[in-house]
Amino acid sequence: MGRNMAVSYFIYVTDKENTGFDLEKFNNDIKQRFPKVGISVKDDEDYRYNICWEDYEDEYEFELWMLRDRSIFMINYFNSKNRLYDYAEFIKWLRSYFPYEKEVLLCDEGYNKTIVLSEGIEIEDILEILE
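Every value quoted in this text rests on a predicted model; they were computed, and no experiment measured them.

## Thoughts on the overall build of the protein
Along the protein, the regular secondary structure elements total three helices and seven strands. Reading the helices (α) and strands (β) of the protein from amino to carboxyl end gives β-α-β-β-β-β-α-β-β-α. Computed over its C-alpha atoms, the radius of gyration of the protein comes to 14 Å, within 12% of the 14 Å expected for a compact globule of 131 residues. Along the longest, intermediate and shortest principal axes, the C-alpha atoms of the protein span 35 × 30 × 30 Å. In the protein, once contacts between residues fewer than 6 apart in sequence are set aside, the share between residues at least 24 apart is 53%. Accessible surface for the protein amounts to roughly 7100 Å². Of this, 44% is attributable to carbon and sulfur atoms.

Encoded structure:
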């Protein structure tokens, strides 16, 4: 699979107070979903995004970072056989780790495409942003 996706996407809580992100639960869940995922933590204060989950298997390839305050996921790279659909599903899954009473947005790195990831968001809605 070629690395043909240069655009980063961000999933973020607009209200940065008390995001309540459960890192331990997320780490356990991502290991269950992607057994070969690698997790690295950067303790250096210079890194705004200090946790990285990477997986380069046959089925999925992705690089996912999290902001130090746990309010933003940054997806630097995602690829799979059914890339757009799987990517939209991955985004919907990531969104579930933020409380649904909080406003959570998905946007591309240029803030050209943005969507509110509300509780009833459909894969099709996310696909419109990714295409």
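Read on, since the account is not over.
## As for the packing of aromatic side chains
Considering all chains together, one arrives at 22 aromatic pairs under this definition. Measuring from ring centre to ring centre gives 4.9 Å for F26 and W53, while their planes differ by 80 degrees; the resulting arrangement is edge-to-face. Of the two residues, F26 sits in helix α1 (residues 23-33) while W53 sits in strand β3 (residues 49-56), which places them 27 residues apart along the sequence. Just above the ring of Y47 sits the side chain of K42; from NZ or CZ to the centre is 5.6 Å.

## Let's talk about unusual backbone geometry
At R70, a position not held by glycine, the phi torsion is positive, near 65 degrees. Inspection of the secondary structure assignment puts R70 in the loop between β4 (60-67) and β5 (72-80). By relative accessible area, R70 is classed as buried at 18%. With a phi angle near 55 degrees, Y111 is a residue other than glycine that sits in the positive phi range. Note that Y111 resides in the loop between β6 (104-108) and β7 (114-116).

## Some remarks on the sheet that holds strand β2 (residues 38-41)
Here we have seven strands laid out as an open sheet, ordered β2-β3-β4-β5-β1-β6-β7, and antiparallel in their pairing. The open sheet terminates on both sides in strands that have one partner only, identified here as β2 and β7. Recorded for the sheet is a direction-independent mean angle of 15 degrees between the axes of neighbouring strands. Here strand β1 (residues 9-13) pairs with β5 via four bridges, running antiparallel. Of the residues in β5, the one forming a bridge with Y9 is I75. Relative to the sheet, helix α2 (residues 83-95) contacts β1, β4, β5 and β6, its axis offset from that of β5 by approximately 155 degrees.

## Observations concerning the confidence of the model for the protein
When the pLDDT values of the protein are averaged, the result is 89; 94% of them are 70 or greater. Per-residue pLDDT stays below 50 along residues 1-5; that stretch engages in 19 contacts with residues further than four places along the chain or on separate chains.

## Considering the pattern of salt bridges
Within this structure, the stated rule accounts for two salt bridges. In this structure, K102 engages D15 in a salt bridge whose closest nitrogen and oxygen atoms are separated by 2.9 Å. Taken together, the residues span a long stretch of sequence, with K102 in the loop between α2 and β6 and D15 in the loop between β1 and α1 at a distance of 87 residues.

How each quantity is defined
Residues numbered from 1 in each chain as written. Predicted model: local features only at pLDDT ≥ 70, side-chain atom pairs only at ≥ 80, totals over all residues. Heavy atoms only, no water. Helix = DSSP H or I, 4+ residues; strand = E, 2+ residues; numbered from the N terminus. Rg over C-alpha atoms; globule rule 2.2 N^0.38 Å. Contact = heavy atoms within 4.5 Å. Areas by Shrake-Rupley, 256 points an atom, 1.4 Å probe, with all protein chains shown as cover. Phe/Tyr/Trp six-rings, centres within 6.5 Å; stacked < 30°, edge-to-face > 60°. Lys NZ or Arg CZ within 6 Å of the ring centre and 35° of its normal. Buried < 20%, exposed > 50% of the residue type's maximum accessible area, 1.4 Å probe, protein only. Pairing = 2+ DSSP bridges. Axes fitted to C-alpha atoms, helices over the stretch in contact; angles between N-to-C directions. pLDDT = per-residue confidence, 0-100. Salt bridge = Lys/Arg side-chain N within 4 Å of Asp/Glu carboxyl O.

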